[in-house]
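An overview of the molecular structure
The lines below spell out each chain.
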Amino acid sequence: MEAVVIRSLQPLIAVLRARGFTVAAPKIREKVIRMDEIVSESELPRGHGDEQAPGRYRLRERDDEMLFSFAASPDSAKRYTQPSSRTLFRIRGETVEEPEAEAPRVALLGMRACDLAALAVQDRVFLGGRHPDPDYRKRREALFLVAVNCAVPGGTCFCVSMGTGPKATAGYDLALTELAGPHRFVAEAGSAYGAEILRALPRVPAAQADLDAAEEVSRTAAEHMGRRVDTEGIKERVAGAHDSPRWQQVASRCLTCANCTMVCPTCFCTTVEDSTDFAEGAAERIERWDSCFTLGFSEAGGAPVRGSGAARYRQWLTHKFSTWFDQFGTSGCVGCGRCITWCPVGIDVTEELANLP
Amino acid sequence: MKAGTRQPLAEPDEPCRARAGSSPGPANGPVSDEARPMTPQLYRVRSRRADRVDTVTLRLTPVRGRCPPYRPGQFTMLYAPGVGEVPMSISGWARAGGYVHTIRAVGAVSGALCGKRPGDVVGVRGPYGTWWDIPAAAGMDVVVAAGGLGLAPLRPLVRELVRHRARYRRISVIAGTRTPTTLVYARELALWRGHGVDVQVTVDHPDHVWKGQVGLVTRLLDRIVFEPRRTFAFVCGPEAMMRATADDLVRRGVAARRVELSLERNMKCGLGWCGHCQLGPLFVCLDGPVLDYERAARLLAVEEL
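Because the structure is a prediction, the values reported are computed rather than measured. (Residues numbered from 1 in each chain as written. Chains lettered and ligands numbered in written order. Predicted model: local features only at pLDDT ≥ 70, side-chain atom pairs only at ≥ 80, totals over all residues.)

**A look at helix H11 (residues 309-328) of chain A**
Residues and elements named next belong to chain A.
- Histidine 319 marks the point of greatest bend in H11, at about 60°.
- With respect to burial, H11 is a largely interior element, 16 of its 20 residues being buried.
- Where H11 ends, the next residue or the one after it, glycine 329, has phi of about 70°, a positive value. (Bend = angle between axes of the 7 residues up to and from the residue. Helix = DSSP H or I, 4+ residues; strand = E, 2+ residues; numbered from the N terminus. Buried ≥ 20, exposed ≤ 12 C-beta atoms within 10 Å, placed from the backbone.)

**Notes on the sheet that holds strand E7 (residues 95-97) of chain A**
Residues and elements named next belong to chain A.
- The 4 strands are arranged E7-E6-E14-E13 in an open sheet whose pairing can be described as antiparallel. The open sheet terminates on both sides in strands that have one partner only, identified here as E7 and strand E13 (270-277). Strand-to-strand twist of the sheet, defined as the mean angle between neighbouring strand axes without regard to direction, takes the value 20°.
- As paired strands, strand E6 (residues 85-92) and E7 are joined by 3 bridges and run antiparallel to one another. Residue pairing across strands places isoleucine 91 opposite valine 96, the latter belonging to E7. (Pairing = 2+ DSSP bridges. Axes fitted to C-alpha atoms, helices over the stretch in contact; angles between N-to-C directions.)

**Let's talk about the nonpolar core**
- If you look at the biggest cluster of nonpolar residues, it comprises 186 residues, and the most contacted ones within it are A:Leu108, A:Val146, A:Ala147, A:Leu174 and B:Val144.
- Examining the composition of this core, we find that 9 residues originate from one element, helix H3 (residues 113-127) of chain A, more than from any other.
- Setting aside its immediate chain neighbours within four residues, A:Leu174 contacts A:Val146, A:Ala147, A:Ala187, A:Ala189, A:Gly190, A:Gly194, A:Ile197 and A:Leu198. (Core = buried A, V, L, I, M, F, W, Y, C linked by C-beta atoms within 7 Å. Contact = placed C-beta atoms within 7 Å.)

**Structural notes on the sheet that holds strand E1 (residues 41-51) of chain B**
Residues and elements named next belong to chain B.
- With respect to topology, 7 strands assemble into an open sheet ordered E4-E3-E7-E1-E2-E6-E5, the strand pairing being antiparallel. This sheet does not close on itself; its edge strands, each paired only once, are strand E4 (84-89) and strand E5 (92-94). Neighbouring strand axes in the sheet, compared pairwise and without regard to direction, differ in orientation by 40° on average.
- Looking at chain direction, E1 and strand E7 (residues 121-128) are connected through 4 bridges and run antiparallel. Note on E7: the bridge partner recorded for leucine 42 is glycine 123.

**Considering the environment of B:Gly123**
All names here are of chain B.
- Here glycine 123 shows up in strand E7.
- Taking the C-alpha atoms as reference points, glycine 123 and proline 81, separated by 42 residues in sequence, lie 7.1 Å from one another.
- When sequence neighbours within four positions are dropped, the list of residues in contact with glycine 123 reads Pro40, Gln41, Leu42, Tyr79 and Pro81.

**With respect to the confidence of the model for chain B**
Residue and element names in this part refer to chain B.
- When pLDDT is averaged along chain B, the result is 89; 89% of the residues meet or exceed 70.
- Contacts from residues 1-33, a stretch scored under 50 in pLDDT, to residues over four places away or in other chains number 51 contacts.
- Both scores are available for the predicted complex, with the pTM at 0.92 and the ipTM at 0.94. (pLDDT = per-residue confidence, 0-100.)

**Quick word on the interface of chain B and chain A**
- In this assembly, 36 residues from chain B lie in contact with 41 residues from chain A.
- Residue classes in the side of chain B that touches chain A are distributed as 18 nonpolar, 10 polar and 8 charged. (Nonpolar A, V, L, I, M, F, W, Y, C, P; charged D, E, K, R; others polar.)

**Concerning the pairing of strand E8 (residues 141-147) of chain B**
All names here are of chain B.
- Of all 7 residues in E8, 7 are buried, a share of seventy percent or more.
- Of the two faces of E8, the one lined by Asp141, Val143, Ala145 and Gly147 and the one lined by Val142, Val144 and Ala146 are each fully buried.
- Sheet topology places E8 next to strand E12 (residues 231-236); 6 bridges connect them, and they run parallel. By the bridge assignment for E12, alanine 146 is matched with cysteine 236.
- The pairing of E8 with strand E9 (residues 171-177) spans 6 bridges and is parallel. Opposite alanine 146, over in E9, you have alanine 175 as the bridge partner.
- Of the crossover connections in this fold, the one passing from E8 over helix H2 (residues 151-163) to the parallel E9 is right-handed. (Right-handed = clockwise from strand over helix to strand, strands pointing away.)

**Focus on unusual backbone geometry**
- The omega torsion across A:Gly181 and A:Pro182 is -10°, close enough to zero to call that bond cis.
- You can see A:Pro182 is positioned in the loop between strand E10 (174-179) and strand E11 (184-189).
- The omega angle of the peptide bond from B:Gly288 to B:Pro289 is 5°, so this bond is cis rather than trans.
- Note on placement: B:Pro289 falls in the loop between helix H5 (284-287) and strand E16 (290-292).

The following block contains the structure:
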């Protein structure tokens, strides 16, 4: 299906809702642009942008009417593909009860190219291995993905270095590019279902001028990356740096708070927790997000394998940029910059990579 | 062992041949789409034998259905309802179709498992992981080195060697343990001696009746006979013990690729999902626990990896 131009997102939101999707989109909450349910275009952060830097996030008013002129939200699609907590089973006597896997039909409106790349990484983790996760598959298949090409990258973005953006090229149902003067969106379908949704909307064919303007948005965005990483030989370079004194240096600043792993769209580690309901006599097990920065993460035989902060930071960074390739054939980093922005002490992964031998 | 407790001296082991081929590799193909791999199957404790101080051996059979086949070296995720789940090496195959696990109480979960009595129910997932490459040892001298409870995952391996004794040249089992009373499978070790296996035991701390060797298990390498270039070794115990033993074997001329270790790491899933058991590029639950020293040496040499 050829690219089209749509004037408003309201019909799209309405059609998606009519088809049973909850629409989750960028929305201002406590001075941060988060992902949240919307029912109307008016809830989008019109005329707002953000300022992102190591350890710093500020909401900014803009002097325009644009709806998507900001960079990554601390929320990513991970919240929807891998819930932060879920019940695995309950045991009552000699009966095991498995709760129905929750797979809400959610349309994620405003996915960035880096977010789509992160979903592709997660797919490899949970579907590409020896033990595919049927619950992940259900949640993943219940999503409708509307990409919005990045126009204003943040100060911590480096998707160009990681080869994931700023223009969405795959993995979406619909891709939009927001244009000004007049305000409109160039829309393209990336799936049969996306094309079907698009046909249900008021639209006009895209003119060459619209397509050129959309290309210009992505070209300009690519030129405004806040950060860059030299990925040449990065897998070998990081793996070979295991005894670098730099790990101690970063550990002297790192709080091992796990924020970076919580906001990372590809970090997938989990732990389990057990409890017993004495009234009902049932034992329950839940799975929740975990982080390689916690001390208990590597505990075996009464002591942690990675007791020092340096070893834990090295594990995280080495996994992202080196051993992820061994395990899943791809980088574990998509260049979204969330870990830099939301690090309370502003540790900058791109700086740490540059400082390794 | 408690007086009056009658236990079979040894459950007949029947390591399953689920698949053809001999090299270690994935034991579990992709699961069916609807099965949820994090949900355990319920198993009933059929028998419980207290092995010395803080260790028990449980024989488990499925409450419903059949138990999947396993190969010596693999592990299960063993769940004490309401308490937690731990990876546990399989130390035998029960005749009635189930697993034998020898468990030492070192934490809340293993403590709860050790407290299980016949008739109680536990959860089992798996078996998972790689196995000892027993066929690769055919025609060779075989050295089996155990530290402490490291003997548990080696037990089904030795049974397999003994069953087909003629396939191997010399077989030596060397075992180190803290004190004479922490030695597990003492009667079985004696049984193996009668099957053409040189069994040597050393303790860290002797008591007044101990007349055997004292000191590190590596010292027993001087007391057994093997031709390094025609030797295959299986090693399991605390990591420091495994590295010392493997290094010693390699120094004596045994090829590192013919020295297999079984690693222990924190695991929450056994499936490659939870991320806890990573050792550099490896997931110990998928790529291990059994690894050859050619692959493991470089990784184990990095501190806190």
